[in-house]
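# Coordinate analysis (summary)
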Amino acid sequence: MQNIGLIAKQGYKYVFVLGLLLLLALVLGVCQILFFALFALCVFWFRNPERALGSDDAYAVLSPIDGKIKSIDKIYYFDTQCVAITIRKGVFDAGALRAPCDMELLEFRRRHGLFLCNAMEPSKNLNERALFVCKNLDNKFAIRVIAGSLSKGISFENFSRLKTGRRFGFLGSGEVVLILPANTRISVSVGEKVASAGILGFFSYEEKDARQSA
C-alpha cells in the first residue's frame, strides 16, 4: 500500500506514544519542554516528504533515498561487470525508500544481523541487510539495503512491481547500494548529496536504439 502521509507508517506508534506523553505532560505541567522536544524529534525522524521525480525518462535511474554518495565502484555481480553506487543516509536525511525506476521484483533476500556503525569495516558483513534483485525493461539490477547503528531494523512493503518513485520501505540509518549494469551512465560523483527521486544516471540506450532499428 502506498504511504502518502506526512509521517512514515513505521513511526506511527512512536509518534502516538510520545504524543500521549506530551499531552499528559501539558495537563500535569511536568517536563513539558522535554516531551515536546522528544515528540518533535520523533516527527522529524519519521517524516515522509513528497518528492517530485527528477526525470520521467523510462531509462532514468533515481536515488532510492536521501544521503551522500559514499562510493562508485566497478564490481563483479550477476556473473558480469556492474557498477555499484553506495549512498549513505545521514542523521538528518529522510529515511523513505523509493523505487529508483519502474521495477519488477525477481528475488528477495533478507539477513538478520547487527547494527554496527557503517563506518566500521565489520558492518559490511555483520549488519542486518536486505537485497532486492529487480528488472527494468531489459536491465537487471539490485538494491542492497544495509542497516546502521540507529536502525531498529529494515522496514519494507511486500511488492512484485513498483512504479518509479513509489515508497517501499523505511531506513532509520545505514546505506543503500544500487548495483547497476556496467554501461549505466552515471550522473553523480562521490561526495555529492542526493535526494530521493533525484537523478543518479541513465540505463544505456543501446538496447533501445537496437530495437528501434530492427
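Just so it is clear, the model here is predicted, and its values are computed rather than measured.

### Brief notes about the pairing of strand β14 (residues 199-202)
- Of the pairings in the sheet, the one linking strand β1 (residues 60-62) to β14 comprises three bridges and is antiparallel in character. From the neighbouring strand, A60 faces β14, where its bridge partner is F202.
- Direction of pairing for strand β12 (residues 185-186) relative to β14: antiparallel, over a ladder of two bridges. If you follow I186 over to β14, its bridge partner there is G201.

### Quick word on helix α1 (residues 12-28)
- For α1, spanning 17 residues, the distance from its first C-alpha to its last is 24 Å, which sits close to the expected 24 Å at 1.5 Å a residue.
- Regarding α1, the residues found buried are V15, L18, L22 and A25. Around the axis of α1, the buried residues are gathered within 90° of arc, so they sit on the same side. Seen from the open side of α1, the exposed residues pointing more than 90 degrees away from its buried face are K13, F16, L23, V27 and L28.
- On the buried face of α1, the contacting elements are α2 (32-45).
- Where α1 ends, the next residue or the one after it, G29, has phi of about 70°, a positive value.

### Thoughts on the nonpolar core
- Core analysis: the biggest nonpolar cluster contains 31 residues, and M103, F132, F141, I143, V145 and L180 have the highest contact counts within it.
- Contributions of two or more residues to this core are made by β3 (80-89), β6 (129-136), β7 (139-147), β10 (167-171) and β11 (174-181).
- In terms of residue count, β7 provides more of this core than any other element does, four residues in total.
- Residues Y77, L131, V177 and I179 belong to the second largest nonpolar core, which totals nine residues.

### Here's the deal with the domain arrangement of the protein chain
- What the domain assignment reports for the protein chain is domain 1 (9-46) and domain 2 (60-202).
- A combined buried area of about 650 Å² lies between domain 1 and domain 2, and 63% of that area is made up of carbon and sulfur atoms.
- Summed over the three residues of domain 1 that lose the most area to domain 2, namely Q10, F44 and W45, the buried surface amounts to 78% of that side.
- Scanning the region where domain 1 abuts domain 2 turns up one salt bridge.
- Note that K9 and E157 form a salt bridge whose closest N and O atoms lie 3.1 Å from each other.
- Linking domain 1 with domain 2 are one residue pair in polar contact (both at pLDDT 80 or more).

### Some thoughts on the sheet that holds β10
- Read across the sheet, three strands follow the order β4-β10-β8 without closing on themselves; strand pairing throughout is antiparallel. Every other strand in the sheet has two partners, leaving β4 (96-98) and β8 (154-156) as the edge strands with one partner each. Each strand axis lies, on average, 25° off the axis of its neighbour in the sheet, ignoring direction.
- Bridge count for β4 against β10 is three bridges, and the pairing is antiparallel. For A96, the partnering residue across the bridge sits in β10 and is F170.

### What to know about the environment of L62
- Tracing the backbone shows L62 in strand β1.
- Counting along the chain gives 41 residues from L62 to L21, while the straight-line C-alpha distance between them is 39 Å.
- Apart from the residues within four sequence positions on either side, L62 is in contact with L53, G54, S55, P100, T164, L178, A197, G198, I199 and L200.

### Regarding the pairing of β6
- Along β6, seven of the eight residues are buried, which leaves the element largely enclosed by surrounding structure.
- In this sheet, β6 lies alongside strand β5 (residues 103-111) in antiparallel orientation, the contact comprising seven bridges. Its bridge partner being in β6, R111 is matched across the sheet by R129.
- Pairing analysis gives eight bridges linking β6 to β7, with the strands arranged antiparallel. The residue bridging R129 from the neighbouring strand is I146, located in β7.
- Between the antiparallel neighbours β6 and β7 lie two residues, among them L137 with a positive phi of about 55°.

What counts and what doesn't
Residues numbered from 1 in each chain as written. Predicted model: local features only at pLDDT ≥ 70, side-chain atom pairs only at ≥ 80, totals over all residues. Heavy atoms only, no water. Pairing = 2+ DSSP bridges. Helix = DSSP H or I, 4+ residues; strand = E, 2+ residues; numbered from the N terminus. Expected span 1.5 Å × (residues − 1). Buried < 20%, exposed > 50% of the residue type's maximum accessible area, 1.4 Å probe, protein only. Arc of directions from axis to C-beta. Contact = heavy atoms within 4.5 Å. Core = buried A, V, L, I, M, F, W, Y, C linked by side-chain atoms within 4.5 Å. Domains from an automatic or database assignment. Buried area = accessible area lost by both parts, 1.4 Å probe. Salt bridge = Lys/Arg side-chain N within 4 Å of Asp/Glu carboxyl O. Polar contact = N/O pair within 3.5 Å; in protein donor to acceptor, adjacent residues only side chain to side chain. Axes fitted to C-alpha atoms, helices over the stretch in contact; angles between N-to-C directions.

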